[in-house]
Amino acid sequence: MRMQILLNQFQISTGADVEDFSRAWSRFSEYLIDHELASHVSALNDRISTSDFDSEEDNVHTHCAMIYFENAEQASRAWQTIEKKIEPLASLHREVMRLVESPSFTFWGNEE
């Protein structure tokens, strides 16, 4: 199966608690999965900037997480639900975004 993947990179906001973010991410993730808006969602990952693999010196992100979609259609449904501010997903998304700084999103997959 060819999945579509949204890579989310960010810093936890100044003054925010990583545990608060983890709980907000978990609620957001569970909603996506329970409502078939995502196939699965990764846990919060810490950047290991000291690794020989890490070559992005200018990247300020300290955390990442991935959202996996079965296909582009599922990804589009998730985005439209957020974009149209459909509750409760819109509130869950706002809570996650409130707790991060400098977010960067890249979408990966195969369009076949």
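As shown above, the structure is provided for reference.
Below, the structure is looked at part by part. As the structure is a computational prediction, the values presented were derived from the model and not from experiment.

Below, the discussion takes up the packing of aromatic side chains. Across all of its chains, the model carries 4 aromatic pairs by this definition. Between Phe-69 and Phe-107, the aromatic rings sit 6.2 Å apart at their centres with planes inclined by 50°, giving tilted as the arrangement. Note that Phe-69 is positioned in strand β4 (residues 63-69) and Phe-107 in strand β5 (residues 100-108), a separation of 38 residues in sequence. Each member of the aromatic cluster is reached from another via a ring pair, and the members are Phe-10, Phe-21, Trp-25 and Phe-28.

Bringing the pairing of β4 into the picture now. Looking down a regular strand, the side chains alternate between one sheet face and the other. The buried fraction of β4 is high, at 6 of 7 residues. In terms of strand pairing, strand β1 (residues 4-12) meets β4 through 7 bridges, oriented antiparallel. Paired with Asn-8 across the two strands is Ala-65, which belongs to β4. The sheet contact formed by strand β2 (residues 40-41) and β4 spans 2 bridges and is antiparallel.

With that settled, the discussion passes to unusual backbone geometry. With omega at 5°, the peptide bond leading from Glu-87 into Pro-88 counts as cis. Position of Pro-88 among the secondary structure elements: in the loop between α2 (72-83) and α3 (89-98). Here the phi dihedral of Lys-85 falls at roughly 55°; this positive angle occurs in a residue that is not glycine. Assignment of secondary structure puts Lys-85 in the loop between α2 and α3.

At a minimum axis distance of 9 Å, the contact between helix α1 (residues 18-34) and α3 shows a crossing angle of 150°. Relative to α3, α1 is oriented roughly antiparallel. Crossing of α1 over α3 shows left-handed handedness. Contacts between α1 and α3 involve Phe-21, Ala-24, Trp-25, Arg-27, Phe-28, Tyr-31 and Leu-32 from the former and Leu-89, Leu-92, His-93, Glu-95 and Val-96 from the latter. Of the residues contributing to the contact of α1 with α3, the split by class is 9 nonpolar, 1 polar and 2 charged.

Turning to its location among the elements, Ser-104 is positioned in strand β5. What makes Ser-104 partly exposed here is its relative accessible area of 24%. The spatial distance from the C-alpha of Ser-104 to the C-alpha of Gln-11 is 9.7 Å, given a sequence separation of 93 residues. In this structure, Ser-104 is in contact with Leu-7, Asn-8, Gln-9 and His-61, ignoring residues within four places of it in sequence.

What counts and what doesn't
- Residues numbered from 1 in each chain as written.
- Predicted model: local features only at pLDDT ≥ 70, side-chain atom pairs only at ≥ 80, totals over all residues.
- Heavy atoms only, no water.
- Phe/Tyr/Trp six-rings, centres within 6.5 Å; stacked < 30°, edge-to-face > 60°.
- Helix = DSSP H or I, 4+ residues; strand = E, 2+ residues; numbered from the N terminus.
- Buried < 20%, exposed > 50% of the residue type's maximum accessible area, 1.4 Å probe, protein only.
- Pairing = 2+ DSSP bridges.
- Axes fitted to C-alpha atoms, helices over the stretch in contact; angles between N-to-C directions.
- Parallel < 35°, antiparallel > 145°, perpendicular 65-115°, else oblique.
- Left-handed = near helix turned anticlockwise from the far one by under 90°.
- Contact = heavy atoms within 4.5 Å.
- Nonpolar A, V, L, I, M, F, W, Y, C, P; charged D, E, K, R; others polar.

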